[in-house]
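Commentary on secondary and tertiary structure
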Amino acid sequence: MGHPVVSGFRGWGVCPHRLAVPVREDPALDLPSQLPTKDTVVQHIVETAPSRDSGLIDVMAPAPVAVRAPAPVDVTSTGSFEVVPRPASLRRLGATLAEPVTAVGAAVAMLALSRSIDVDPLDRIGQVSGLAALQLRFLVLAVPLVLGVAAAGRWARDWYPMAVRVACAGFAGLLGGLIGGGLVVALRGTHWGLWADGGDVGLLATWADGVLHGDASPSHYPPLVVWAIALVAKLGDMPTAYANKYVEIIGVAGIAPLAYLCWRTLLTPVVALTVGVTAALPLMQPYKPYEYLVLVAVVPAFVQLIRALRSCGRYSIPLVAMVGAVAGIVFGVLFLGYSGWFLWSGPGMLVAVLMAFPWRRQLWTRGLTLLATAAASFLAIAGFHLVGLVRAVGTIKDGFFYFDVYVDPTYLAMWRESLPGPEGEVWPPVGELGGVGLFTIVLAVGLAAAVALGGRRSVVVTLVALAGGAWLLRFLLAGRMYQTQTVQLYPRTTAEILYCLLMLTGLAVAFAMQRRGGGGPAPVAGAVAAGPGSGSE
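Residues numbered from 1 in each chain as written. Predicted model: local features only at pLDDT ≥ 70, side-chain atom pairs only at ≥ 80, totals over all residues. Heavy atoms only, no water.

So, the overall build of the chain
Along the backbone of the chain there are 15 helices and four strands. Sorting the 537 residues of the chain into buried and exposed places 48% on the buried side. Across the chain, the fraction of contacts at a sequence separation of at least 24, relative to all contacts at a separation of at least 6, is 77%. Summed over all atoms, the accessible surface of the chain reaches about 26,000 Å², with 67% contributed by carbon and sulfur. (Helix = DSSP H or I, 4+ residues; strand = E, 2+ residues; numbered from the N terminus. Buried < 20%, exposed > 50% of the residue type's maximum accessible area, 1.4 Å probe, protein only. Contact = heavy atoms within 4.5 Å. Areas by Shrake-Rupley, 256 points an atom, 1.4 Å probe, with all protein chains shown as cover.)

Encoded structure:
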């Protein structure tokens with residue numbers, strides 16, 4: 001029987017089982033010939049059974065499976081033994097893959113249908129017609145998802161939880177495909193992506209050309225996007241400048257489904273869709289989408305690390321080391337995708353790690369093991385890029401002063417980056433309440449409510465720490481801008497802070513609904529009872 005692992009480890013894909021879940025009787029075991037003995041019963045742990053402090057948590061796992069005895073043994077006339085196979089493992093595998101397959105498939109279907117929209121994207125009537133055609137395709141694909149949930153709720157109650165999962169995953173994929181499809185329509189008739197071969201994308205295409213000719217990507221810049229452009233250019237037999245178009249389309253279409261799937265390791269399907277994907281909507285920008293692809297994945301990954309750290313004191317050192325190694329690999333790949341979020345998240349994660357670390361004398365070795373193995377595997381994957389960044393300190397300076405640099409640094413509701421287009425006469429726009437926008441007020445209230453209702457949960461602690469650390473670093477860099485005449489990309493912290501605040505606001509609503517409902521279905525998936533020395537999850 002495998003070693004059980006707390007839900008804090010589930011997001012890393014290591015033995016997602018749970019202890020002390022009541023065994024449900026199986027009618028198939030009523031036959032005398034199939035009665036199991038004490039030594040032969042295998043206890044399958046039901047992943048979706050809520051723990052004492054489960055809160056809003058429900059892991060991305062198939063529906064509960066009844067506990068069964070080992071497969072019956074068939075004794076043939078020749079005296080040989082044949083184990084009768086059971087398809088339960090295949091069903092569980094299919095249920096686990098249902099959400100990612102549906103999310104990706106829905107996004108791909110939406111992109112494919114958008115290619116049939118024949119309009120002139122430079123004509124205003126063509127733009128309106130294109131929007132209408134996109135929304136029609138979205139509805140055609142979304143209606144069957146809704147009908148499937150309704151039909152399961154009416155005639156197939158056993159399949160209702162799975163129908164909800166598939167529908168939520170499908171909606172996330174359709175949202176991503178809708179934005180990606182808009183870019184397909186906007187770029188109809190041209191081989192170029194946004195900004196053609198100018199700006200940063202032109203530089204990325206040049207670096208990708210070098211990779212195709214055997215040169216290495218610059219070590220100070222995240223290489224995954226360069227490698228992706230080079231790969232698309234090679235597979236499509238096209239110039240790297242043209243490959244930018246497809247990287248942009250695929251990237252922006254993948255933000256919503258990726259956000260959903262990452263938050264599904266922590267949240268229930270409905271909450272992952274309504275909170276996790278909604279918080280990612282402002283990040284669905286088609287120009288250089290790889291930055292935001294990493295952001296929507298790295299924040300829930302940080303939460304998983306804190307949850308694992310809070311609960312690691314209960315488990316053996318080899319098991320903790322395995323979890324740490326998996327975590328380091330995940331962070332290494334994300335670091336190669338875009339390393340800026342790790343810089344701006346650094347102060348907050350340091351605080352969160354210190355709060356979650358098991359400081360008790362008999363437990364600290366496991367916490368240290370988790371962090372050490374995570375660091376080792378991280379360096380094995382992304383060490384060369386980290387070294388390149390360190391070497392570039394002091395030699396590469398960001399002196400690009402664009403629109404967002406001239407905006408009040410306390411304004412977080414919107415940003416423009418360096419894209420062309422008309423500018424408002426007053427920016428930031430004058431707010432509705434004493435000059436302060438209601439959106440900003442809602443974020444502040446949501447932050448306070450999340451802390452009040454779930455301040456001891458790992459997800460709340462991590463999100464607050466990330467937002468607070470990025471906020472302080474933002475003002476530190478902006479405050480030195482006049483003396484150094486450098487920007488150091490500080491406006492990028494806007495996206496991370498807004499993302500965390502939107503998540504906290506949505507979670508506050510979910511916590512309040514759960515409390516009002518008397519502890520109904522949990523919004524947060526797989527909460528741990530009480531991490532070692534850290535309070536409840």
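A short note on the pattern of salt bridges
A full pass over the atoms with the stated rule returns five salt bridges. A salt bridge links Arg-264 to Glu-99; its shortest N-O distance comes to 2.9 Å. Placement of the pair is Arg-264 in the loop between helix H6 (240-263) and helix H7 (269-280) and Glu-99 in helix H1 (residues 88-114), with a sequence separation of 165 residues. Take Arg-264 and Glu-99: they sit in the same class, and that class is buried. Between Glu-291 and Lys-288 there is a salt bridge, with the nearest N and O atoms lying 3.4 Å from each other. The same class applies to Glu-291 as to Lys-288, namely buried. Three or more residues are tied together by salt bridges with common partners; here these are Asp-200, Lys-288, Glu-291 and Arg-492. (Salt bridge = Lys/Arg side-chain N within 4 Å of Asp/Glu carboxyl O.)

Section: the environment of Phe-378
Tracing the backbone through its elements, the reader meets Phe-378 in helix H11 (residues 364-392). Taking the C-alpha atoms as reference points, Phe-378 and Phe-335, separated by 43 residues in sequence, lie 8.8 Å from one another. Look past the residues within four positions of Phe-378 in its chain and what remains in contact with it is Gly-328, Phe-331, Gly-332, Phe-335, Gly-383 and Leu-386.

Some words on the packing of helix H3 (residues 160-186) against H6
Running from amino to carboxyl end, H3 crosses H6 at an angle of 160 degrees, the nearest separation of the two axes being 8 Å. Classified by the angle their axes make, H3 and H6 are roughly antiparallel. The hand of the H3/H6 crossing is right-handed. Across the interface between the two elements, Arg-165, Cys-168, Ala-169, Ala-172, Gly-173, Leu-175, Gly-176, Gly-177, Ile-179, Gly-180, Leu-183 and Val-184 of H3 pack against Glu-248, Ile-249, Val-252, Ala-253, Ala-256, Pro-257 and Tyr-260 of H6. A class-by-class count of the residues in the contact of H3 with H6 yields 13 nonpolar, four polar and two charged. (Axes fitted to C-alpha atoms, helices over the stretch in contact; angles between N-to-C directions. Parallel < 35°, antiparallel > 145°, perpendicular 65-115°, else oblique. Left-handed = near helix turned anticlockwise from the far one by under 90°. Nonpolar A, V, L, I, M, F, W, Y, C, P; charged D, E, K, R; others polar.)

Quick notes on the packing of aromatic side chains
One pass over the structure, following the stated rule, counts 15 aromatic pairs. A ring pair is formed by Phe-302 and Phe-342, whose centres lie 5.8 Å apart and whose planes are at 75 degrees; its orientation type is edge-to-face. Of this pair, Phe-302 sits in helix H8 (residues 290-311) while Phe-342 sits in helix H10 (residues 340-356), placing them 40 residues apart in sequence. Note on accessibility: Phe-302 and Phe-342 belong to one class, buried. Judged by centre distance (4.6 Å) and plane angle (50 degrees), the ring pair of Phe-357 and Trp-359 falls under tilted. (Phe/Tyr/Trp six-rings, centres within 6.5 Å; stacked < 30°, edge-to-face > 60°.)

Examining a nonpolar patch on the surface
Taken together, the side chains of Leu-224, Trp-227, Ile-329, Val-333 and Phe-384 define a hydrophobic patch exposed on the protein surface, amounting to about 420 Å² of accessible area. When residues of the nonpolar patch are traced back to their parent elements, those giving at least two are helix H5 (224-236) and helix H9 (317-337). For Ile-329, the position within the fold is in helix H9. (Patch = residues over 30% accessible without salt bridge, like charges linked within 9 Å, V, L, I, M, F, W, Y side chains within 5 Å.)

Focus: helix H15 (residues 493-516)
Counted at 1.5 Å a residue, the expected span for H15 with its 24 residues is 34 Å, and the 35 Å between its end C-alpha atoms agrees. Most of H15 is tucked away: 19 of the 24 residues are buried. (Expected span 1.5 Å × (residues − 1).)

A closer look at the side chain of Arg-492
Within the element layout of this structure, Arg-492 appears in the loop between helix H14 (481-484) and H15. Residue Arg-492 is classed as buried on the basis of its relative accessible area of 11%. A distance of 3.1 Å separates the side chain of Arg-492 from the side chain of Glu-291, its partner in a polar contact. (Polar contact = N/O pair within 3.5 Å; in protein donor to acceptor, adjacent residues only side chain to side chain.)

Quick notes on the environment of Val-275
With respect to the element layout, Val-275 can be found in helix H7. Residue Val-275 is classed as buried on the basis of its relative accessible area of 8%. Put simply, Val-275 and Val-509 are 234 residues apart on the chain and 9.4 Å apart in space, counted from C-alpha to C-alpha. Contact partners of Val-275, with chain neighbours within four places excluded, come to Met-503, Gly-506 and Leu-507.

Here's the deal with H6
The terminal C-alpha atoms of H6, which comprises 24 residues, lie 33 Å apart, in line with the 34 Å expected from a rise of 1.5 Å per residue. At Ile-255, H6 shows its maximal bend, which comes to roughly 40 degrees, and the proline Pro-257 appears one to four places after that position. (Bend = angle between axes of the 7 residues up to and from the residue.)

Some details on unusual backbone geometry
Here Ala-196, not a glycine, exhibits a phi torsion of approximately 50 degrees, which is positive. The topology assignment puts Ala-196 in the loop between H3 and helix H4 (199-212). One non-glycine residue with positive phi stands out, namely Lys-288, at about 55 degrees. Its location among the elements puts Lys-288 in the loop between H7 and H8. Looking at Lys-288, the relative accessible area reads 4%, which means it is buried.

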